[in-house]
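Listed below, chain by chain, are the residues.
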Amino acid sequence: MSKKTKMMWNTGLIVGLLAVLFILEHILPSGSMFLTVLKKGAIYALVAVSMNLLNGFTGLFSLGQAGFMLLGAYTYAILTIPVESRGSVYQYYDGGIIQFTIPVPLALIAGGLLAALFAYLIGLPVLRLKSDYLAIATLGFAEIIRAVFQWDKLGPLTNGSNLLRNFPSFQSVLYPFIVSGICIAVIVMLINSTYGRAFKAIRDDEIAAEAMGINLAHHKRLAFVISSFFAGVSGGLLAMYQTTIQASMFRSAMTYEILLIVVIGGIGSVTGSCISSFLFIACSEWWLRFLDNENLYIGGFHVPLLRPGFRKVVFAIVIMVIVLFYQKGIMGTKEFSVEGIAGFFKNKFGGKKAAEGGGSHE
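Residues numbered from 1 in each chain as written. Predicted model: local features only at pLDDT ≥ 70, side-chain atom pairs only at ≥ 80, totals over all residues. Heavy atoms only, no water.

Time to look at the environment of valine 49. Within the secondary structure layout, valine 49 lies in helix 2 (residues 33-55). Counting along the chain gives 139 residues from valine 49 to valine 188, while the straight-line C-alpha distance between them is 9.2 Å. In contact with valine 49, other than residues within four places in its own chain, are Ile184, Ile187, Val270, Ser273 and Cys274. (Helix = DSSP H or I, 4+ residues; strand = E, 2+ residues; numbered from the N terminus. Contact = heavy atoms within 4.5 Å.)

Next up, the structure:
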């Protein structure tokens with residue numbers, strides 16, 4: 001397939017997806033769970049792909065995504081709260097020390113840059129570690145940064161353990177899709193570049209990669225910083241989705257959820273991370289909600305065992321089954337491609353014509 005044809009297919013798919021989302025947004029009610037899954041799924045898809053860049057494509061086992069999302073979320077919220085609302089938000093800190101606002105896109109980028117800066121600084125000592133030691137160190141960073149942001153001494157900046165609110169949020173489902181789509185496209189281009197090939201070489205065999213002239217420390221740090229930047233952007237998007245932000249929500253459980261999404265989708269598959277993000281959010285937020293209803297009746301039969309939180313038990317069992325029977329995840333290391341989709345339609349709708357043409361020739 002030529003580059004021009006491939007570009008036309010990509011453009012058509014993107015326009016078609018946005019058109020479908022636009023139509024659904026105007027057909028479905030504003031409180032529809034389907035729209036909720038689409039919004040939150042798009043945000044989690046971005047952070048899952050950013051984590052996959054580290055775990056799947058570079059071979060670095062990092063568990064610090066929640067911390068980087070916290071940095072992005074707080075940066076976005078602090079920089080976009082209107083000046084006239086800061087007195088009510090920072091009511092215990094005389095309106096806070098930040099008395100200006102910046103546009104939403106710049107605030108999202110600023111959140112990503114702050115997360116990237118912290119990643120660079122902690123990456124200098126931490127990236128010397130490997131495997132489980134690296135995971136523990138990055139998880140420790142996430143817990144420390146959460147505790148620091150709840151510290152009263154930083155209250156004039158972070159509002160302590162109080163909520164941040166009144167910052168701009170998005171109403172349209174198109175917004176998180178467009179932002180996440182652009183960021184994921186950048187990550188895909190990076191993976192397919194010479195840097196991406198260097199990341200994969202490090203993942204496969206560090207000794208061989210270094211023998212080929214790849215600077216291990218530089219490329220590991222680069223992957224860590226880029227991954228953290230996009231995690232920070234996703235944190236800003238999550239703040240927009242939640243409409244309020246508090247440090248206590250960025251616990252280690254959030255990182256584990258993201259890691260589950262990556263594993264379920266396939267370590268080393270961008271497509272898998274995107275698909276599993278929407279499936280994870282749909283199951284946890286929508287499809288399994290009825291299991292929390294202890295007064296559920298089917299006909300006249302009262303369903304036993306159901307109670308608040310039971311859906312998490314069932315969801316954990318479902319995840320165990322997926323991990324046991326799909327050890328490489330839904331997609332493994334495979335990706336959906338334009339060539340594959342084009343080939344499907346060609347075989348589906350063009351095969352019959354080709355066969356008829358061949359028969360008449362004989």
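Right, let's get into the pattern of salt bridges. Applying the stated criterion across every chain yields a total of 6 salt bridges. What you see here is one network of salt bridges that share partners, running through Lys40, Glu285 and Arg289. (Salt bridge = Lys/Arg side-chain N within 4 Å of Asp/Glu carboxyl O.)

Where helix 2 meets helix 13 (residues 270-287), the closest approach of the two axes is 7 Å, and the angle between their N-to-C directions is 140 degrees. Looking at the two axes, helix 2 sits oblique to helix 13. Seen from above, helix 2 lies across helix 13 with right-handed handedness. The segment helix 2 lies against helix 13, with Met33, Phe34, Val37, Leu38, Lys40, Gly41, Ala42, Tyr44, Ala45, Ala48, Val49 and Asn52 engaging Val270, Ser273, Cys274, Ser277, Phe278, Ile281, Ala282, Glu285 and Trp286. Partitioning the contact of helix 2 with helix 13 into residue classes produces 15 nonpolar, 4 polar and 2 charged. (Axes fitted to C-alpha atoms, helices over the stretch in contact; angles between N-to-C directions. Parallel < 35°, antiparallel > 145°, perpendicular 65-115°, else oblique. Left-handed = near helix turned anticlockwise from the far one by under 90°. Nonpolar A, V, L, I, M, F, W, Y, C, P; charged D, E, K, R; others polar.)

On inspection of all chains with the given rule, the structure shows 0 disulfides. Free cysteine cysteine 183: the closest other cysteine sulfur is in cysteine 274, separated by 12 Å. Unpaired in terms of disulfides, cysteine 283 finds its nearest cysteine sulfur in cysteine 274, a separation of 17 Å. Using a relative accessible area of 17% as the deciding quantity, one classes cysteine 283 as buried. (Disulfide = S-S within 2.5 Å. Buried < 20%, exposed > 50% of the residue type's maximum accessible area, 1.4 Å probe, protein only.)

With that out of the way, let us pick up unusual backbone geometry. Of note, asparagine 159 is a non-glycine position whose phi angle comes to about 70 degrees, a positive value. Owing to a relative accessible area of 0%, asparagine 159 belongs among the buried residues under this scheme.

Any functional reading would require information that these geometric values do not contain.
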